[in-house]
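# Coordinates in review
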Amino acid sequence: MKVNTWFGVLELDSNGKTLSSEVFPKDIRELALRSLSLRESRQNLPPEGFDLKTAALECGFTESLSEYYSLLHKVTLETVKLQVSQALTPDQRIIQAVEALDDINETTNSLSERLFEWYGGYFPESGLSGEELAVFISRYGSRENLPPEDPHYLKAKNSMGAKLEAADEVLLKGLAESVCSLYERRKQIEAYIESSMEILAPNLALLAGPMGARLISIAGSLEKLAAFPSSTIQVIGASKALFKHLRSRAPSPKHGIIYSHPLINTSPWWVRGKVARALAAKLSLAARIDFYSAKRNPSLENELEEKIRKIRAENPRPPQKRQEIRAKPKKKRRK
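So, how was this worked out
- Residues numbered from 1 in each chain as written.
- Predicted model: local features only at pLDDT ≥ 70, side-chain atom pairs only at ≥ 80, totals over all residues.
- Heavy atoms only, no water.
- UniProt positions renumbered as here; feature names shortened; annotations may be inferred.
- Helix = DSSP H or I, 4+ residues; strand = E, 2+ residues; numbered from the N terminus.
- Rg over C-alpha atoms; globule rule 2.2 N^0.38 Å.
- Buried < 20%, exposed > 50% of the residue type's maximum accessible area, 1.4 Å probe, protein only.
- Contact = heavy atoms within 4.5 Å.
- Areas by Shrake-Rupley, 256 points an atom, 1.4 Å probe, with all protein chains shown as cover.
- Lys, Arg positive; Asp, Glu negative; His and termini not counted.
- Charge placed at Lys NZ, Arg CZ, Asp CG, Glu CD.
- Expected span 1.5 Å × (residues − 1).
- Arc of directions from axis to C-beta.
- Polar contact = N/O pair within 3.5 Å; in protein donor to acceptor, adjacent residues only side chain to side chain.
- Patch = residues over 30% accessible without salt bridge, like charges linked within 9 Å, V, L, I, M, F, W, Y side chains within 5 Å.
- Salt bridge = Lys/Arg side-chain N within 4 Å of Asp/Glu carboxyl O.
- Pairing = 2+ DSSP bridges.
- Axes fitted to C-alpha atoms, helices over the stretch in contact; angles between N-to-C directions.
- Parallel < 35°, antiparallel > 145°, perpendicular 65-115°, else oblique.
- Nonpolar A, V, L, I, M, F, W, Y, C, P; charged D, E, K, R; others polar.
- Core = buried A, V, L, I, M, F, W, Y, C linked by side-chain atoms within 4.5 Å.

As recorded in an unreviewed UniProt entry, the protein chain goes by rRNA biogenesis protein Nop5/Nop56 and comes from Methanosarcina mazei LYC. What the UniProt record of the protein chain gives under Sequence similarities (unreviewed entry) is the line "Belongs to the NOP5/NOP56 family."

Right under this line is the structure:
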């Protein structure tokens, strides 16, 4: 019987004694890789109760127990280092990018609002906000620097805003440049998430678009998302409404973050629950295909569109409200 160990391959008899052995070189990294492959494959492992240290001494891998334990300690540390380096899988990188995008959006919105309020005292008639305002301020600064061909020139000339001092102009231009860089960084992260999803989960990206990365982020990994039933995927992101439903008599949520999908938010209100169930079923199937094969399946999109078309055709009008039938009060008997 052949037995695979972290230090070599042993040939054992029926009593568990070593007949022959093939010992590996004492390369710490190679032994660590061997240990990881054994942990994953779990093929021809030693039987329960088998003494590895005695076998290592008998086959000549080590000359003493102290050397065996020293090598085992080094190999174990190297194995842990390899596991840490392999922990950042492609889906984990997507999750980090999604969370970074959330942080950038929060920071950008706060700074853009502050920039709008600050610059509004100097040029309230501009009508600009967000990225457009940041680009405008970083380019011109004070409204007095606008060229005559600019569309905002007449507004700036007749503006009722206060005069922008030189020190304030420097601060505003610096803040605007920071906001512009944040907007640019957001576009880069969005492009990275989109390209990574096309490689890691092409079917999920086909059906859900950018929302597919958000589903992976909330689930924790593509493997966990693939293990979720469609009913769980349907209500991902609606934890507050779900717990409120479980604690009290509140209605159960029909959808979570998948509500942002165009097939749901553009559907009539009376079929959104059915559309959400159909979409969640296809998303669950897409996640499993992506996790186990990662091969693009265009038929999923056609099947989903046909299912949604059928749901809308079968429910053209909103359901009629049922009239509650009240029980007639019983007449009291006279004594």
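Bringing the overall build of the protein chain into the picture now. If you tally the helices and strands in the protein chain, you get 15 helices and three strands. In terms of overall dimensions, the protein chain is more spread out than a globule: its C-alpha atoms have a radius of gyration of 33 Å, far above the 20 Å expected for 335 residues. Judged by the C-alpha coordinates and their principal axes, the protein chain covers about 95 × 95 × 55 Å. Residues classed as buried in the protein chain amount to 36% of the 335 residues present. Of the contacts made within the protein chain by residues no fewer than 6 positions apart, 63% connect residues no fewer than 24 positions apart. Roughly 21800 Å² of accessible area belongs to the protein chain as shown, and the carbon and sulfur atoms make up 52% of that amount. Between the averaged position of the 50 positive side-chain charges in the protein chain and that of its 41 negative side-chain charges there is a distance of 19 Å.

On to helix α1 (residues 28-41), then. Taking 1.5 Å of rise per residue, the 14 residues of α1 would be expected to cover 20 Å, and the 20 Å separating its terminal C-alpha atoms lies within 8% of that figure. Looking at α1, one finds that the buried residues are L31, A32, S35, L36 and L38. End-on view of α1: buried residues confined to an arc of 160 degrees, all on one side of the axis. The elements touched by buried residues of α1 are β1 (2-4) and α3 (65-85). Where α1 begins, the side chain of D27 points an oxygen toward the backbone nitrogen of R29, at a separation of 3.2 Å. Taken from the residues just after α1, R42 is the one with a positive phi, measuring 55 degrees.

Quick look at a nonpolar patch on the surface now. Residues L57, L65 and Y69 make up a contiguous nonpolar surface patch of about 260 Å² in total accessible area. Mapping L57 onto the fold places it in helix α2 (residues 52-58).

What follows concerns the pairing of strand β2 (residues 8-12). Within a regular beta strand, the side chains point alternately toward one face of the sheet and then the other, so they alternate between its two faces. For β2, the buried fraction is high: four of the five residues fall into the buried class. Inspection of the sheet shows β1 paired to β2 by three bridges, in the antiparallel sense. Across the sheet, the residue bridging to V3 is L10, located in β2. The hairpin formed by β1 and β2 contains three residues between the paired strands. Relative to strand β3 (residues 18-23), β2 runs antiparallel, the two being bridged by five bridges. Paired with V9 across the two strands is E22, which belongs to β3.

Here D91 is to be found in helix α4 (residues 90-120). No salt bridge is formed by the buried D91, whose closest oppositely charged neighbour, R93, lies at an N-O distance of 7.8 Å. One polar contact links the side chain of D91 to the main-chain amide nitrogen of L222, over a distance of 3.1 Å. If near-sequence neighbours (up to four positions away) are discounted, D91 is found in contact with L200, I216, S221, L222 and E223.

Another aspect to go through is the packing of α4 against helix α9 (residues 211-219). It is at 9 Å that the axes of α4 and α9 come closest, and there the two elements cross at 105 degrees. Relative to α9, α4 is oriented roughly perpendicular. Contact residues: D91, I94, I95, V98, E99 and D102 in α4; A213, R214, I216 and S217 in α9. Its residues assigned to classes, the contact of α4 with α9 shows five nonpolar, one polar and four charged.

Core analysis: the biggest nonpolar cluster contains 41 residues, and I193, M197, L204, I216, L225, I258 and L283 have the highest contact counts within it. Among the elements of the structure, α4, α7 (166-200), α8 (202-208), α9, α10 (222-227), α14 (272-292) and α15 (299-314) are those that each provide at least two residues to this core. Considering each element in turn, this core owes the most residues, nine residues, to α14. Setting aside chain neighbours within four positions, we find L204 in contact with M197, G209, G212, I216, L225, L283, A286, A287 and D290.

So, on to the pattern of salt bridges. For the structure on display, the rule yields nine salt bridges. Its salt-bridge partner being D51, residue K53 comes within 3.2 Å of it at the nearest N-O pair. Between E306 and R309 there is a salt bridge, and its shortest N-O distance comes to 2.5 Å. With E306 and R309 both in helix α15, this residue pair falls three residues apart, about one helical turn.

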